[in-house]
Amino acid sequence: MSKKIRFFKNTCRIFFPVFGIPLLTLYYSMFDQGVLGIIFSRVNYSPWEYSKPVFWVCLVWWSLELLCGVKNFKIYVKAKIISLFFLFLFCCFFNLLLIEVFNTYLWYQLTACEILASYFFYFISETAVKNINSTRYFLFWVFLLGTFVGVMFCFTLYPPRNFLFWDNFFNSYGVLL
């Protein structure tokens, strides 16, 4: 791997979680209350919405790493997709715990926990890349990622009525207008 690519990967490793997650967390309320803000940013104080920036930042971060070159494309993609799902689920339930049990709505506390979780799951995914030997079910995982991206678009505008989407702060679901 060349020095330029290694420098780019290391820069992405630092830049994306530390700057990307807080930026997308605040993007809707500070910059764009339009379509881009709704799709990529937190639009209320629900656990699901706090986890959206983590999903998008890690998806872009790991996709850029993929463009830098990997040894086994299918194993890399499979490991990253699996890690991304578990990272998102972990963030949703961890945010639920912080919001419901500890009554924490401060964006910087939740975002700091998500940044640490993204690094933790990044290193888990790197371990998975080294240890996964089979490319079985590769298309299933790619299909699941596509479905999940669609769900990310839809559930902000039309959230299911359950605890992950409930905003206790404003007693509402979905986009705050």
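For the structure itself, look to the data block above.
Described below are features of the structure shown in this document.

## Re the overall build of the chain
A tally of helices and strands in the chain yields six helices and two strands. In sequence order, the chain lays out its α and β elements as α-α-α-α-α-α-β-β. The C-alpha atoms of the chain give a radius of gyration of 17 Å, which matches the 16 Å a tight globule of 177 residues would have. The dimensions of the chain, computed from C-alpha atoms along their principal axes, are 50 × 35 × 30 Å. Out of the 177 residues in the chain, the part that is buried amounts to 45%. Once local pairs closer than 6 in sequence are excluded, the contacts in the chain between residues at least 24 apart make up 72%. Carbon and sulfur atoms make up 72% of the accessible area of the chain, which amounts to about 9,800 Å² in all. For the chain, the distance from the average site of its 14 positive side-chain charges to the average site of its 7 negative ones is 18 Å.

## Here we look at the pattern of salt bridges
Scanning all chains against the criterion turns up three salt bridges. Across the pair Lys 52 and Glu 49 runs a salt bridge whose closest N-O atoms are separated by 3.1 Å. Taken as a pair, Lys 52 and Glu 49 lie in helix H3 (residues 47-67) at a separation of three residues, close to a single helical turn. An identical accessibility class is assigned to Lys 52 and Glu 49; each is buried. Between Glu 126 and Lys 80 there is a salt bridge, with the nearest N and O atoms lying 2.7 Å from each other. Taken together, the residues Glu 126 in helix H5 (residues 107-131) and Lys 80 in helix H4 (residues 73-100) connect sequence positions 46 residues apart.

## Looking at the packing of aromatic side chains
In total, this model carries 32 aromatic pairs according to the counting rule given. Here Tyr 45 and Phe 170 contribute two aromatic rings whose centre-to-centre distance is 5.7 Å and whose plane-to-plane angle is 35°, an arrangement assigned as tilted. Of the two residues, Tyr 45 is situated in the loop between helix H2 (35-40) and H3 and Phe 170 in the loop between strand E1 (166-167) and strand E2 (172-173); the sequence distance between them amounts to 125 residues. Judged by its relative accessible area of 45%, Phe 170 falls in the partly exposed class.

## Brief notes about a nonpolar patch on the surface
A cluster of nonpolar side chains, contributed by Ile 14, Phe 15, Val 18 and Phe 19, occupies part of the molecular surface with about 390 Å² of accessible area. Note that Phe 19 resides in helix H1 (residues 3-30).

## A short note on the packing of H3 against H4
The interhelical angle for the contact between H3 and H4, taken along N-to-C directions, is 160°, at an axis separation of 9 Å. It follows from the interaxial angle that H3 and H4 lie roughly antiparallel. Once H3 is placed against H4, the crossing between them reads as right-handed. Classifying every residue of the contact of H3 with H4 gives 19 nonpolar, three polar and three charged.

## With respect to helix H6 (residues 138-157)
With 20 residues, H6 extends 30 Å from end C-alpha to end C-alpha; this agrees with the ideal 28 Å at 1.5 Å per step. Taken as a whole, H6 has its buried residues at Phe 138, Trp 141, Leu 145, Phe 148, Val 149, Met 152 and Thr 156. Contacts from the buried residues of H6 go to H2, H3 and H4.

## Some thoughts on unusual backbone geometry
Even without being a glycine, Tyr 137 presents a positive backbone phi close to 65°. As for its position among the elements, Tyr 137 is in the loop between H5 and H6. Here Asn 171, not a glycine, exhibits a phi torsion of approximately 50°, which is positive. The exposure class assigned to Asn 171 is exposed, which follows from its relative accessible area of 53%.

Rules used throughout
- Residues numbered from 1 in each chain as written.
- Predicted model: local features only at pLDDT ≥ 70, side-chain atom pairs only at ≥ 80, totals over all residues.
- Heavy atoms only, no water.
- Helix = DSSP H or I, 4+ residues; strand = E, 2+ residues; numbered from the N terminus.
- Rg over C-alpha atoms; globule rule 2.2 N^0.38 Å.
- Buried < 20%, exposed > 50% of the residue type's maximum accessible area, 1.4 Å probe, protein only.
- Contact = heavy atoms within 4.5 Å.
- Areas by Shrake-Rupley, 256 points an atom, 1.4 Å probe, with all protein chains shown as cover.
- Lys, Arg positive; Asp, Glu negative; His and termini not counted.
- Charge placed at Lys NZ, Arg CZ, Asp CG, Glu CD.
- Salt bridge = Lys/Arg side-chain N within 4 Å of Asp/Glu carboxyl O.
- Phe/Tyr/Trp six-rings, centres within 6.5 Å; stacked < 30°, edge-to-face > 60°.
- Patch = residues over 30% accessible without salt bridge, like charges linked within 9 Å, V, L, I, M, F, W, Y side chains within 5 Å.
- Axes fitted to C-alpha atoms, helices over the stretch in contact; angles between N-to-C directions.
- Parallel < 35°, antiparallel > 145°, perpendicular 65-115°, else oblique.
- Left-handed = near helix turned anticlockwise from the far one by under 90°.
- Nonpolar A, V, L, I, M, F, W, Y, C, P; charged D, E, K, R; others polar.
- Expected span 1.5 Å × (residues − 1).

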